[in-house]
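One-letter residues, chain by chain:
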Amino acid sequence: MINSALSLFLLRELPFDRFAFPRWQSVLAITLIGMLTGLDPGLTGGTPETPGMPPWLAIPFMVLSVWTAFLVIVAVLKWWMKRGGRWDGQGDLFNLVAASWLVADTLGAGLTALGVPYLLTLPLWLYSVWVGANALSGAIPKAGLGYSIGGIVVGLIPAMLATGVLFAVLGIVMAMLGVVPPPSGAGSLGMG
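Peer 1: Explanation requested: helix α6 (residues 118-139) in the structure shown.
Peer 2: Note on helix geometry: an α-helix contains 3.6 residues per turn, so any two residues three or four positions apart are oriented the same way. For α6, which comprises 22 residues, the first-to-last C-alpha distance of 31 Å matches the rise-based estimate of 32 Å (1.5 Å per residue) to within 8%. Listed in full, the buried residues belonging to α6 are Thr 121, Leu 124, Ser 128, Val 131, Gly 132, Ala 133, Asn 134, Ala 135, Leu 136, Ser 137, Gly 138 and Ala 139. Buried positions along α6 lie against α1 (2-9), α4 (55-82), α5 (93-113) and α7 (145-177).

Shown next, in the form of structure tokens:
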């Protein structure tokens, strides 16, 4: 998987047979990205008014978030790539997407975990979309680069919605557990 992921990062087009590696490698890659994302100081640092998530919660939560986004994007891409007879459904799209995420997203999440500001890592995250689109158009000759970018963007919309729901549920759970203090001034309305 690593050789394929590095080739994709360098924008080399690869056929689907290069993604016939064991599924556990993809599972490990996506989980690694989630773990690194969970180490983001923006999640765990917080401020005096709103403390960050404790690492014991941030890491599994971000693994769950990354997995949710990944599975939603793969599902949307399966539908998107089959439109108009561009793809016959043959080939391991799950492994292809995981390999296309491995290098750029691991670098982006790793740099963010080291405290590099989001704005400086943004080009790497945007490049990740380009890598994914190039991987799709290389493995699926009838799907051009623009069409593949469109599929990724279309997949990002429900993926962001799904992870937004996860964040809302996490906020409720954290408030119920007392991990997050009540909003400033909540007791000043004469109700406490």
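Peer 1: Could you clarify how one ought to interpret the layout of surface pockets in this entry?
Peer 2: Empty pockets left among the atoms are what a rolling probe the size of a water molecule brings to light. Size it by volume and the largest pocket reaches roughly 970 Å³. Contributing to the lining of the largest pocket are 33 residues, with Ala 69, Asp 105, Trp 125, Leu 156 and Met 160 lying nearest its centre. Counting only elements with at least two residues in the lining of the largest pocket, the list comes to α2 (23-38), α4, α5, α6 and α7. When residues of the lining of the largest pocket are assigned to their parent elements, the largest contribution, nine residues, is made by α6.

Peer 1: Teacher, can you tell me more about the nonpolar core here?
Peer 2: Within the largest apolar cluster, 43 residues are counted, with the highest numbers of intra-cluster contacts made by Phe 70, Met 81 and Leu 96. Elements with a minimum of two residues in this core: α1, α2, α4, α5, α6 and α7. Those residues in contact with Met 81 that sit more than four places away from it in its chain are Arg 86, Trp 87, Leu 136, Ile 140, Ala 143, Tyr 147 and Ser 148. Core analysis: the second largest hydrophobic core is formed by nine residues, Leu 43, Met 53, Ala 58 and Leu 166 among them.

Peer 1: Explanation requested: the environment of Val 165 in the structure shown.
Peer 2: Tracing the backbone shows Val 165 in helix α7. Sequence spacing of Val 165 and Ser 65 is 100 residues, and the spatial spacing of their C-alpha atoms is 9.8 Å.

Peer 1: Could you clarify how one ought to interpret the environment of Ala 139 in this entry?
Peer 2: For Ala 139, the location among the structural elements is in helix α6. Ala 139 sits 125 residues away from Leu 14 along the chain, and the two C-alpha atoms are 5.8 Å apart. Apart from residues lying up to four places away in sequence, Ala 139 is in contact with Leu 14, Pro 15, Phe 16 and Leu 96.

Peer 1: What exactly am I supposed to notice about the pattern of salt bridges here?
Peer 2: Summed over the entire model, instances satisfying the criterion amount to one salt bridge. Between Asp 92 and Arg 23 there is a salt bridge, and its shortest N-O distance comes to 3.0 Å. Highlighted residues: Asp 92 in the loop between α4 and α5 and Arg 23 in helix α2, separated in sequence by 69 residues.

Peer 1: Just to check I follow, could you spell out the packing of α2 against α5 for this structure?
Peer 2: Each pair of packed helices can be summarised by the angle the axes make with each other and by the distance between the axes. At a minimum axis separation of 8 Å, α2 and α5 run at an interaxial angle of 25°. Between α2 and α5, the interaxial angle falls into the category roughly parallel. Along this stretch, α2 crosses α5, giving a crossing that reads as left-handed. Residues Arg 23, Ser 26, Ala 29, Ile 30, Leu 32, Ile 33, Leu 36 and Thr 37 of α2 lie in contact with α5, whose contacting residues are Phe 94, Asn 95, Ala 98, Trp 101, Leu 102, Asp 105, Thr 106, Ala 109, Gly 110 and Ala 113. Residue composition of the contact of α2 with α5, grouped by class: eleven nonpolar, five polar and two charged.

Peer 1: Explain the packing of α4 against α7 here, please?
Peer 2: Where α4 contacts α7, the two axes come as close as 8 Å, and the packing angle between them is 150°. α7 is crossed by α4, and the crossing has right-handed handedness. Among the residues making up the contact of α4 with α7, the classes are represented as 23 nonpolar, seven polar and no charged.

Peer 1: Is there a simple way to think about the packing of aromatic side chains in this case?
Peer 2: How two aromatic rings sit relative to each other is set out by the distance from centre to centre and by the angle between their planes. Under the criterion given, the structure shown has ten aromatic pairs. Consider the rings of Phe 16 and Phe 19, whose centres lie 6.5 Å apart with planes at 80°: the pair is edge-to-face. Relative accessible area serves as the criterion here: at 13%, Phe 16 is assigned to the buried category. For Phe 19, a relative accessible area of 0% corresponds to the buried category. Their ring planes at 90° and their centres at 4.9 Å tell us that Phe 70 and Phe 94 sit as a pair that is edge-to-face. Residue Phe 70 is located in helix α4, and its partner Phe 94 is located in helix α5; the two are separated by 24 residues in the primary sequence. Neither Phe 70 nor Phe 94 differs from the other in exposure class; each is buried. By way of ring pairs, the aromatic residues Trp 67, Phe 70, Phe 94 and Trp 101 are connected into one cluster.

Rules used in this analysis
Residues numbered from 1 in each chain as written. Predicted model: local features only at pLDDT ≥ 70, side-chain atom pairs only at ≥ 80, totals over all residues. Heavy atoms only, no water. Helix = DSSP H or I, 4+ residues; strand = E, 2+ residues; numbered from the N terminus. Expected span 1.5 Å × (residues − 1). Buried < 20%, exposed > 50% of the residue type's maximum accessible area, 1.4 Å probe, protein only. Contact = heavy atoms within 4.5 Å. 1 Å grid on protein atoms, 1.4 Å probe; cavity = no way out; pocket = protein on both sides within 12 Å on 5 of 7 lines; lining within 4 Å. Points joined across faces, edges and corners; volume = space filled by probe spheres on them. Core = buried A, V, L, I, M, F, W, Y, C linked by side-chain atoms within 4.5 Å. Salt bridge = Lys/Arg side-chain N within 4 Å of Asp/Glu carboxyl O. Axes fitted to C-alpha atoms, helices over the stretch in contact; angles between N-to-C directions. Parallel < 35°, antiparallel > 145°, perpendicular 65-115°, else oblique. Left-handed = near helix turned anticlockwise from the far one by under 90°. Nonpolar A, V, L, I, M, F, W, Y, C, P; charged D, E, K, R; others polar. Phe/Tyr/Trp six-rings, centres within 6.5 Å; stacked < 30°, edge-to-face > 60°.

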